[in-house]
Amino acid sequence: MARTRMAAVATLVLAGITLAGCAGGGAADADNTIDGEVKGDIKVVTWRTDLVEDGTFQKYADEFNKTYPDVNVTFEGITDYAGEMTTRMSTNNYGDVIGIPTIKPEQYDQFLEPLGDTSSFADTYRFLPAASFDGTQYGIAFGGNANGVVYNKRIFEEAGITTPPTTEQEFLDALQAVKDNTDAIPLYTNYKDGWPLTQSFGNLGSVTNDPDAPVTMAEDPAPWTEGSDVYAIDSLLYDAVSAGLTEPDPLTTNWEQSKVDLGTGKIGAMTLGSWAISQMQAAAEDNGASADDIGYMAFPATVDGTQYAVVGGDYNLAVSKHSKAKAAAWAWIQWVVADSGYTEAQGMISPVLDKPLPDNLAGFTDAGVELMEINAAPAGKEGLINEVADDSQIDLYGPIYRQKLVDIARGAADGDKDSYFAELNERWGASVEKLG
């Protein structure tokens, strides 16, 4: 599966893309509400094209129909989900159940049916803030992911690394050991595809154990300063590239091939969300290696002796404002997140609070890693980090500034880490002062 821009970063705060031309308002039928009769036709529009194509979703629908026989469920998979849905939501025809794309929280009620008060879901579900606005819940996460580093345990063991590194220097030392003692590329950036470079930003908050990290960064006039989350995240990338511990030619990286290469031990590690574990395991097995070789570690940073890992929801499933079968759509969401077995099969964190962590995050338990969620921003600051990023023209959720960071680190662009971080701070600080 060509996974494009998982929503791990979006769990911190949704990017503010303005959608124009959408007619607001619900369906004309006043009885068509989420607490109505569960019947009718619903189309589920999804980014999981692989699960549409291999029949997994249809199996889910067959099971769902044992409880709700009067609902006809169909599926549409979209490869460029984020891009196409942004366009499609300018119309009234974007399915009945969708994964919320990058729309501003204050726009939720234009496009989505409210599910109820957020407080009424707090005892049942994780990952609520990303799909909540002004106390109203508009979506439930389809599953959850941790943020950190996926790695090949066999390669690390061959390099003499038997316990996961807990600091940047330990991590760089581990990568150097992989380079010195194996034939693997220690750390792979996926520079050419670009979006994998954005995945490390999902660790914002874990370095300093700050659940308010997006607001902290939005109000900091110089966040690329030692001691901050983003400084640590970007320093790790820069220092690894500068030390020659990444792929020799970043201009020729290939995402699909990188999964095979990590699974078979040609790559040591990649900084990705835990959603990637199952894909790496599948790539390993499909190419003669073992799924047991794939491990997952927290971002290498420690606060008072403890490591933290930010966890957050994947796309949030929501009911379209224009659905003609809202009760059926809401019933599907509740059933699929709790009873389909999706999160178990994908090795994801269930949004249902009383379900256990997946087996593939057992390493977190063994290492004493504490899970943390990012708090919802206080009123008036929900989109502040996006506003500062947009005004400063620093693409926090894109690859451009990180690709330049890699270019500087490998000697393909002028400057060094200090000069580039100073430039980022200057641009960011000017916008903080302007918008503060």
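Our structure is the block above this text.
So, here's what we can say about the structure. Being a predicted model, the structure only gives us computed values, none of them experimental.

Structural notes on the packing of aromatic side chains
- Going through the model one piece at a time under the given rule, you end up with 25 aromatic pairs.
- A connected cluster of aromatic rings, assembled from ring pairs, spans W47, F57, Y60, F64, Y68, F75, Y81, F142, Y315, W332, W335 and Y342.

What about the sheet that holds strand β15 (residues 370–372)?
- Reading across the sheet, the 3 strands line up as β8-β13-β15 and stay open at both edges, with mixed pairing between neighbours. In the strand order of this sheet, the two ends are held by β8 (144–146) and β15, each with one partner. Put simply, the sheet's adjacent strands are angled 30° from each other on average, direction ignored.

So, helix α15 (residues 400–409)
- Taking burial as the measure, the 10 residues of α15 include 8 buried ones, the bulk of the element.
- Looking at the buried positions of α15, the neighbouring elements they touch are α8 (229–242) and α16 (417–435).
- Positive backbone phi, at 85°, marks G411, one or two positions downstream of α15.

Focus on the pairing of strand β12 (residues 294–297)
- Alternating positions in β12 separate into two faces, I294 and Y296 on one and G295 and M297 on the other, with burial throughout.
- Bridge count for strand β9 (residues 149–152) against β12 is 4 bridges, and the pairing is antiparallel. Looking across to β12, one finds that V150 is bridged to Y296.

With respect to the pattern of salt bridges
- With the rule as written, the count across this model stands at 17 salt bridges.
- Of the charged contacts, one joins E63 and K66 as a salt bridge, the two residues approaching to 2.8 Å between their closest N and O atoms. Residue E63 and its partner K66 are both found in helix α2 (residues 56–67); the two are separated by 3 residues, about one turn of the helix.
- Between R154 and E158 there is a salt bridge, with the nearest N and O atoms lying 3.1 Å from each other. Residue R154 and its partner E158 are located together in helix α5 (residues 153–158), separated by 4 residues, close to a single helical turn.
- With relative accessibility at 29%, the residue R154 sits in the partly exposed group.
- When its relative accessible area of 46% is taken as the criterion, E158 is described as partly exposed.

Things to note about the nonpolar core
- Residues V73, L112, I140 and W332 are the most contacted members of the largest nonpolar core, which totals 50 residues.
- Of all the secondary-structure elements, those providing two or more residues to this core are β1 (40–46), α2, β2 (71–77), α3 (81–88), β3 (97–99), α4 (108–111), β14 (316–319) and α11 (326–339).
- Counting residues per element, this core draws most heavily on α11, at 9 residues.
- Those residues in contact with W332 that sit more than four places away from it in its chain are I42, V44, Y60, A61, F64, V73, F75 and V97.
- Grouped together as the second largest cluster of nonpolar side chains are 29 residues, F201, M217, I408 and W428 included.

Some words on the sheet that holds β3
- If you walk across this open sheet you meet the 5 strands as β2-β1-β3-β14-β7, and the pairing is mixed. If you trace the sheet from one side to the other, it starts and ends with β2 and β7 (140–141), each paired once.
- Contacts from α2 reach β1 and β2 within the one sheet, and its direction differs from that of β2 by about 165°.
- Strand contacts of α3: β1, β2 and β3, with the helix running at about 130° to β1, the strand carrying the most contacts.

Observations concerning the packing of helix α14 (residues 384–392) against α16
- Between α14 and α16, the least distance of the axes is 8 Å, while the angle of their chain directions is 125°. The orientation of α14 with respect to α16, classified from their angle, is oblique. In this structure, the crossing between α14 and α16 has a hand that is right-handed. Between α14, through I385, E387, V388, A389, D391 and S392, and α16, the contact on the second element is made entirely by R427, W428, S431, V432, K434 and L435.
- Tallied by class, residues from the contact of α14 with α16 come to 6 nonpolar, 2 polar and 4 charged.

Topic: α8
- Relative to the 20 Å expected for 14 residues at 1.5 Å per residue, α8 spans 20 Å between its end C-alpha atoms, a close match to the ideal helical length.
- Within α8, 13 of the 14 residues are buried, which leaves the element mostly enclosed by the surrounding structure.
- The opening residue of α8 is S228, an N-cap whose side-chain oxygen sits 3.1 Å from the backbone nitrogen of Y231.

Considerations on the packing of α8 against α15
- Between α8 and α15, the least distance of the axes is 8 Å, while the angle of their chain directions is 40°. The orientation of α8 relative to α15 falls into the category oblique. The two elements α8 and α15 cross, and the hand of that crossing is right-handed. Here α8 contributes V230, D234, L237, Y238, V241 and S242 to the contact with α15, which in turn contributes Y401, R402, L405, V406, I408 and A409.

So, the environment of V260
- Position of V260 among the secondary structure elements: in helix α9 (residues 255–264).
- Residues V260 and N287, spaced 27 residues apart in sequence, show a C-alpha to C-alpha distance of 7.1 Å.
- Residue contacts for V260: discarding those within four places in its chain leaves A283 and N287.

Comments concerning the pairing of strand β13 (residues 308–313)
- Counting buried residues in β13 gives 6 out of 6 residues, a clear majority hidden from the surface.
- One ladder, built from 3 bridges, connects β8 with β13; its direction is antiparallel. For G144, the partnering residue across the bridge sits in β13 and is G313.
- As paired elements, β13 and β15 share 3 bridges and run parallel to each other. Note on β15: the bridge partner recorded for Y308 is E370.

Cut-off values and rules
Residues numbered from 1 in each chain as written. Predicted model: local features only at pLDDT ≥ 70, side-chain atom pairs only at ≥ 80, totals over all residues. Heavy atoms only, no water. Phe/Tyr/Trp six-rings, centres within 6.5 Å; stacked < 30°, edge-to-face > 60°. Pairing = 2+ DSSP bridges. Helix = DSSP H or I, 4+ residues; strand = E, 2+ residues; numbered from the N terminus. Axes fitted to C-alpha atoms, helices over the stretch in contact; angles between N-to-C directions. Buried < 20%, exposed > 50% of the residue type's maximum accessible area, 1.4 Å probe, protein only. Contact = heavy atoms within 4.5 Å. Salt bridge = Lys/Arg side-chain N within 4 Å of Asp/Glu carboxyl O. Core = buried A, V, L, I, M, F, W, Y, C linked by side-chain atoms within 4.5 Å. Parallel < 35°, antiparallel > 145°, perpendicular 65-115°, else oblique. Left-handed = near helix turned anticlockwise from the far one by under 90°. Nonpolar A, V, L, I, M, F, W, Y, C, P; charged D, E, K, R; others polar. Expected span 1.5 Å × (residues − 1). Polar contact = N/O pair within 3.5 Å; in protein donor to acceptor, adjacent residues only side chain to side chain.

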